[in-house]
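# Summary of structural features
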Amino acid sequence: MNKLKIGFLQQHNTADRQDNMVRLAEGIADLARRGAQLVVLQELHNSLYFCQVEDVDNFNLAEPIPGPSTDFFGELARQYHVVIVTSLFEKRAPGLYHNTAAVIEADGSIAGKYRKMHIPDDPAYYEKFYFTPGDLGFRPIDTSVGRLGVLVCWDQWYPEAARLMALQGAQLLIYPTAIGYALSDTDDEQQRQREAWTTVQRGHAVANGLPVITVNRVGFEPDPSGQTEGIRFWGSSFVAGPQGELHYQASTDEEESVIVSIDLDHSEDVRRWWPFLRDRRIDNYDNIVKRFID
């Protein structure tokens, strides 16, 4: 068996960036001491989820890649010999910004990056104000622990993104995430949304025969504008296997530091039993690139 120990941190965030990063560093060190080989962090983990409002001052949170955060997490990766999936607010050029996952190799170098492709624009999730859609495509990142299909949050609803990563040899699908409840919704509606979120990603695992790792933040963050009631992030970070089986799912309201061991070779078995890639009718899929078929 080709076992990989995956660690993740489901964390609440505060307005104190330094406090967030210190707690992340402590969590990474602890996971490494417990045997983690790969550590996955949540979306935009250095700060509060600033996209609840459109505020030009929030662009001051952005930084280049390479930059201070990749240096910070690079040193942790090198010190503890772990691969780290980070999620950063990238300043590419003046006036040009991305929501970017940077993957740090165990020697501290940058193995690669992925710029979020699908950018939402909804009440309390005003990401189009901040982020230019990614232009690096859906390309897995090679690391010492495997070929990682790294995507970000809103990408997790799109089967096309997961499929394109799988078709290029990704061994894992990884989704740093920041998603939560609208407090104005009923309890039933909140649970339907959370369960749909889990279900669609487990579907990606099944359809592609690959494990899925999704790491969400947790806790309440107020809306600085007061226009909404803020977001209660629903946690529920999870690791699913290539048949959609849940290896672990975190709580909805508590911070967690978790290690899950998965067998990367099991994907080969599942793809032999369920040969979806073999039976795809690629000669009849041309219309998939159209916005809508009249």
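Residues numbered from 1 in each chain as written. Predicted model: local features only at pLDDT ≥ 70, side-chain atom pairs only at ≥ 80, totals over all residues. Heavy atoms only, no water.

## Concerning the state of the cysteines
With the rule as written, the count across this model stands at 0 disulfides. A disulfide-free cysteine, Cys 153 has its sulfur positioned 9.8 Å from the sulfur of Cys 51, the nearest such atom. (Disulfide = S-S within 2.5 Å.)

## So, the sheet that holds strand β11 (residues 218–221)
Spatial ordering of the open sheet is given by β9-β12-β11, a layout of 3 strands whose pairing is antiparallel. Bordering the open sheet on either side are β9 (180–182) and β11, each of which pairs with just one other strand. Looking at each pair of strands side by side, their axes are set apart by 20° on average, direction ignored. (Pairing = 2+ DSSP bridges. Helix = DSSP H or I, 4+ residues; strand = E, 2+ residues; numbered from the N terminus. Axes fitted to C-alpha atoms, helices over the stretch in contact; angles between N-to-C directions.)

## Overview of the packing of aromatic side chains
Taken as a whole and judged by the stated rule, the model has 23 aromatic pairs. Taking 6.2 Å as the distance between ring centres and 70° as the angle between the ring planes, the aromatic pair formed by Phe 50 and Phe 131 counts as edge-to-face. Of this pair, Phe 50 sits in the loop between β2 (38–40) and α2 (68–80) while Phe 131 sits in the loop between β5 (110–115) and β6 (141–143); the two residues are 81 residues apart in sequence, bridging distant segments of the chain. Considered together, Phe 50 and Phe 131 belong to a single accessibility category, that of buried residues. Ring centres of Tyr 130 and Phe 131 lie 6.2 Å apart, and the angle between their planes is 50°; on these two criteria the pair is classed as tilted. (Phe/Tyr/Trp six-rings, centres within 6.5 Å; stacked < 30°, edge-to-face > 60°. Buried < 20%, exposed > 50% of the residue type's maximum accessible area, 1.4 Å probe, protein only.)

## What to know about unusual backbone geometry
Cis rather than trans, the peptide bond between Ile 65 and Pro 66 has omega equal to 0°. By secondary structure assignment, the location of Pro 66 is in the loop between β2 and α2. Positive phi is not limited to glycine here, since Ser 236 has a value of about 65°. Overall, the relative accessible area of 0% leaves Ser 236 in the buried class.

## Concerning helix α1 (residues 17–33)
If you check α1, its first and last C-alpha atoms are 24 Å apart, about what 17 residues at 1.5 Å a residue would give, namely 24 Å. A distance of 3.1 Å separates the backbone nitrogen of Gln 18 from a side-chain oxygen at the start of α1, and that oxygen is part of Asp 16. Immediately beyond the C-terminal end of α1, within one or two residues, lies Gly 35, with a positive phi of roughly 105°. (Expected span 1.5 Å × (residues − 1). Polar contact = N/O pair within 3.5 Å; in protein donor to acceptor, adjacent residues only side chain to side chain.)

## A short note on the side chain of Asn 13
Relative to the helices and strands, Asn 13 resides in the loop between β1 (3–10) and α1. On the basis of relative accessible area, Asn 13 is assigned to the buried category, the value being 6%. Of note is the side chain of Asn 13, whose polar atom sits 2.9 Å from the backbone oxygen of His 45. Discounting chain neighbours no more than four positions away, the residues touching Asn 13 are Asn 20, Arg 23, Gln 42, Leu 44, His 45, Asn 46, Ser 47, Leu 48, Arg 217, Val 218 and Glu 221. (Contact = heavy atoms within 4.5 Å.)

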